[in-house]
Amino acid sequence: MTFKDLNLSTQLLNALDDIGFETPTPIQEQAFSVVMSGKDVVGIAQTGTGKTYAYMLPILRMLKYSVQQNPRVLVLVPTRELVVQVVDEIEKLSKYINVRIAGVYGGTNINTQKQIVSEGLDIIVATPGRLYDLAVSRALQLKSIQKVVIDEVDVMLDLGFRHQLMNIFDVLPQQRQNIMFSATMTEDVDKLITDFFRKPIKVSIAKSGTPLENIKQHGYKVPNFYTKVNLLEHLLSDTEVFHKTIIFVGYKKIADRLFEALDQKFHDEVCVIHSNKTQNYRLRSIEQFREGKNRILIATDVMARGLDIENVSQVINLDTPEYPENYMHRIGRTGRAEKKGVSFVLTTEKEEEYLESIETLMDMKIEQLDLPDSIEISDQLTPEEQPKVKEIYNPHKRPNDEVGAAFHEKKDKNKKINLGGKYKREIKKKYKKPKTKGDKTFNLKHKKKKK
Ligand code: AMP
């Protein structure tokens, strides 16, 4: 089957030709007529399967030229990076169609976005919070929305966006087509579908949990973080093989720690993204990695969900994720759209049970490799890895103390015993005015009243 066999317009076929795509991916083939039918659609497909075009092709096919001000298609995605990526993909596909597209997301100036929206548009791609703010401020009218796509629904619900999605559904017209895509079918996703979708048609290309067949998965048993760093330094020294590598870590703190460690050896080659980095920093890092200026990207799970970066040579799991789904999403960054991919997972003794859960979910074993002889086994431990010393006799413990007294002595400034009047007086002296939360709230209310 080629794209010519789908009922596409010449403009879309020409755009696909320019991009260089000839045959639809399985999810594109399956979703096309279903989305075209106008019924609600639930698509279960992992990222990397071509799902963005699976919904965008039929939507663009159906979208008629219009000069009206308000958008008719709404695409909701969980992260700002995804807004940028999806807008970019739609723009490529609509090269020969007269269609106005805008992306909006939080963390940037809302007035600039109000301005963009006020110029009129057909398709809006948004993160839920910013979309709702724009709608409530009346800068954006949602009354003409005919089609709503919610992409990466499972991540969206994991991030706690359910409430925001419900608020958005409340202000959308009743008559609309709902389309959603999720990599996994979780209980939360199922509930959302039951509550808001009308007799949806399901399209799915892989059982949730099935690993993409074109990813070669390997594992290493490594005793601790700094030995993992030694192994990474060894692997990444092969610049030819590891030319576009994503390293996943579970926490921001570890992302920063790893960045510091690798930065010494691979200075200009490494970049890092996590939610404490500014929006500009994150976008720049992704861009530099995408373009090949940096060949190593360190990322946390949420940041990288749904990100589509071409030709990722390897995904390395610095830690073995506790939730097997995270492992699936991580390795899905390589081996995208039929290309071969490679992944590694590094496992400490403590993490072995997580590895077992992953293997159970996939119903297959990950091939374990021997640590190369040259790898130095480090005995340096991170603060988290250090054994927690618990002295049995605690001289500070009072008879009626709760169980589990803090292991560390609190710093003086954090000891809040008898701070009442004296504390307030000291703060007042220091800052010239009361700085407690209560006063702030009072001032805020007071200001509002004054207006
Ligand atoms: P997605 O699952 O939407 O994130 O897409 C994964 C990657 O596959 C993106 O880089 C797309 O540009 C690419 N892709 C989408 N459709 C096709 C296709 N029909 N043939 C080849 N690559 C595609």
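An unreviewed UniProt entry lists the protein chain under the name DEAD/DEAH box helicase, from Aquimarina litoralis. What UniProt states about the protein chain under its Sequence similarities (unreviewed entry) heading is, verbatim, "Belongs to the DEAD box helicase family."

S.K.: Give me the sheet that holds strand β3 (residues 101-104): which residues, what numbers.
M.R.: Reading across from one edge, β3-β4-β2-β5-β6-β1-β7 is the order of the seven strands in this open sheet, with parallel pairing throughout. The open sheet has two edge strands, β3 and β7 (201-204), and neither has a second partner. Each adjacent strand pair in this sheet contributes to an overall mean axis angle of 15 degrees, direction not counted. Direction of pairing for strand β5 (residues 147-150) relative to strand β6 (residues 177-182): parallel, over a ladder of four bridges. When the bridges of β6 are listed, V148 appears paired with N178. Contacts from helix α3 (residues 51-62) reach β2 (73-76), β4 (123-126), β5 and β6, with the element oriented near 160 degrees to β6.

S.K.: I'd like to hear about helix α10 (residues 225-236), residue by residue, with values.
M.R.: Taking 1.5 Å per residue as the helical rise, α10 with its 12 residues ought to reach 16 Å, and the 16 Å between its terminal C-alpha atoms agrees with that figure. Listed as buried for α10 are F225, Y226, T227, K228, V229, L231, L232, L235 and L236. In this fold, the buried residues of α10 make contact with β8 (215-221), β9 (245-249), α11 (252-266), β11 (296-300), β12 (314-317) and β13 (341-347).

S.K.: Now, about the environment of I145: what can you tell me, with residues and values included?
M.R.: Mapping I145 onto the fold places it in the loop between α6 (128-136) and β5. Residue I145 is classed as buried on the basis of its relative accessible area of 1%. A C-alpha to C-alpha distance of 6.1 Å links I145 and P71, two positions 74 residues apart in sequence. Residues contacting I145, with those up to four places away along its chain left out, are P71, R72, V73, L74, L172, P173, Q175 and R176.

S.K.: Give a description of the site of the ligand that names residues and reports values.
M.R.: In the vicinity of the ligand, 16 residues are found, and the nearest of them are Q28, G48, G50, T52 and D308. The side chain of Q28 places a nitrogen or oxygen atom 2.7 Å from a nitrogen atom of the ligand. Here an oxygen atom of the ligand and a backbone polar atom of G50 are 2.8 Å apart. Expressed as a share of its isolated accessible area of 500 Å², the protein-covered part of the ligand is 89%. Partitioned by chemical class, the residues of the shell around the ligand number four nonpolar, eight polar and four charged. Domain assignment of the residues forming the shell around the ligand places at least three in each of domain 1 (3-204) and domain 2 (215-369).

Cut-offs used in this document
In this convention, every chain numbers its residues from 1, walking through the sequence in written order. Local features in this predicted model are restricted to residues whose pLDDT is 70 or higher, and side-chain atom pairs enter the listing and the counts only when it is 80 or higher, whereas totals over whole chains, interfaces and linings include all residues. In computing side-chain values, all of the structure's heavy atoms are included and hydrogens and water are not. UniProt positions are given in the numbering used here, feature names are shortened, and annotations may be inferred rather than shown by experiment. Here a strand pair is declared whenever DSSP counts at least two bridges between the two strands. A run of H or I in DSSP counts as a helix once it spans at least four residues, and a run of E counts as a strand once it spans at least two, with each numbered from the N terminus. Helix axes are fitted to C-alpha atoms over the stretch in contact, other axes to C-alpha atoms as well, and angles between N-to-C directions run from 0 to 180 degrees. Whether two residues are in contact is decided by their heavy atoms: any pair within 4.5 Å suffices. In this scheme, a helix's expected span is set at 1.5 Å multiplied by one less than its residue total. Categorising residues by exposure relies on relative accessible area from a 1.4 Å probe, with only protein chains included: less than 20% of the type maximum marks a residue as buried, more than 50% marks it as exposed, and the intermediate range marks it as partly exposed. Put simply, a residue is near a molecule or strand once any heavy atom of it comes within 4 Å of that molecule or strand. Polar contact is defined as a pair of N or O atoms within 3.5 Å, subject to the rule that within protein one atom must be able to donate a hydrogen and the other to accept it, and that residues adjacent in sequence are counted only when both atoms are side-chain atoms. The method behind every accessible area is Shrake-Rupley, applied with a 1.4 Å probe, and residues are considered shielded solely by the protein chains displayed. Basically, the charged four are Asp, Glu, Lys and Arg, the nonpolar ten are Ala, Val, Leu, Ile, Met, Phe, Trp, Tyr, Cys and Pro, and anything else, Gly included, counts as polar. Where each domain starts and ends follows an automatic or database-derived domain assignment.

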